[in-house]
Amino acid sequence: MLRKPRFQDKAATRFCDNLVVLFKKACKISAKLRRGDIPWNLAPAFKNRFYSYLNAICIATLDDKKAETLRLRLLSPDKEYHRLFTFLEHPYVQPTNNQAEQSLRNMVIFRKICFGTRSAQGSYSHSVLPSLLLTAQRQKKHPLSFLNTLFTKDTATAQAELYNDS
């Protein structure tokens, strides 16, 4: 909600509601493409349709400052505009970042419980090592042998291990 009910700008609320509808539709189309219900050669037409709808939603200036900032950010070619529907171009790109958010959840909770780290090096280690361990887990590799390869082998071997030869 942008503001408390008595201060809400109806145009800003309608703008946000329309964005929700747009992106829900885009996510549904993405799911149908992934299942094979819709052929991928139709994805560019859907992408163009979604951009047209977005442009129509964003046409009017909004009085609410937060909504206006979002509107301008969505339209800016220097920001997200050309990346909003990337998941309709590439089959392996998810429409949301839910998987990434969920994978980070335990580390965020841990950081909050232990009140963070005491140094810049500790913060760096706390951000890198769990990420590497999660990568090993997702690639179904033993964490110690995975880390051993990353830290003791040459760059090409370590990158092949890290990126799973992709």
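Residues numbered from 1 in each chain as written. Predicted model: local features only at pLDDT ≥ 70, side-chain atom pairs only at ≥ 80, totals over all residues. Heavy atoms only, no water.

Asker: Whenever I open this one, helix H2 (residues 43-57) confuses me. Can you help?
Answerer: Helical periodicity: at 3.6 residues per turn, an α-helix aligns residues three or four positions apart in one direction. With 15 residues, H2 extends 21 Å between its outermost C-alpha atoms, agreeing within 8% with the 21 Å of an ideal straight helix rising 1.5 Å per residue. Three or more residues of H2 are buried, namely Ala43, Phe46, Lys47, Phe50, Tyr51, Leu54 and Ile57. Projection of H2 onto a plane perpendicular to its axis shows the buried side chains occupying an angular sector of 135°, all on one side. The secondary structure elements touched by the buried residues of H2 are helix H1 (10-35) and helix H3 (65-75). (Helix = DSSP H or I, 4+ residues; strand = E, 2+ residues; numbered from the N terminus. Expected span 1.5 Å × (residues − 1). Buried < 20%, exposed > 50% of the residue type's maximum accessible area, 1.4 Å probe, protein only. Arc of directions from axis to C-beta. Contact = heavy atoms within 4.5 Å.)

Asker: Whenever I open this one, the pattern of salt bridges confuses me. Can you help?
Answerer: A side chain of one charge can pair with a side chain of the opposite charge when the charged atoms of the two come close. The full count for this structure, using the stated rule, is 5 salt bridges. Residue Asp37 pairs with Arg35 through a salt bridge whose shortest N-O separation is 2.9 Å. Across this residue pair, the class does not change: Asp37 and Arg35 are exposed. (Salt bridge = Lys/Arg side-chain N within 4 Å of Asp/Glu carboxyl O.)

Asker: Got a minute to help me understand the nonpolar core in this structure?
Answerer: Note that soluble globular proteins tend to have their nonpolar side chains buried in a common cluster. Membership of the largest hydrophobic core comes to 23 residues, with the highest contact counts inside it found for Phe15, Ile29, Phe50, Leu54, Leu74, Phe85 and Leu88. If you list the elements that add at least two residues to this core, you get H1, H2 and H3. By residue number, the principal contributor to this core is H1, which donates 7 residues. Those residues within four positions of Phe85 in sequence are excluded, and the remaining contacts are Leu22, Phe23, Ala26, Lys47, Phe50 and Tyr51. Core analysis: the next-biggest nonpolar cluster, separate from the first, contains 6 residues, Leu132, Ala136, Phe146 and Leu147 among them. (Core = buried A, V, L, I, M, F, W, Y, C linked by side-chain atoms within 4.5 Å.)

Asker: Before we go on, may I ask you to explain the confidence of the model for the chain in this structure?
Answerer: In low-pLDDT segments, the atomic positions of the prediction should not be examined closely. Per-residue pLDDT for the chain has a mean of 85; in total, 94% of the residues score no lower than 70. Here helix H4 (residues 98-113) is the element of the chain with the lowest mean pLDDT, 74, and H2 is the one with the highest, 95. (pLDDT = per-residue confidence, 0-100.)

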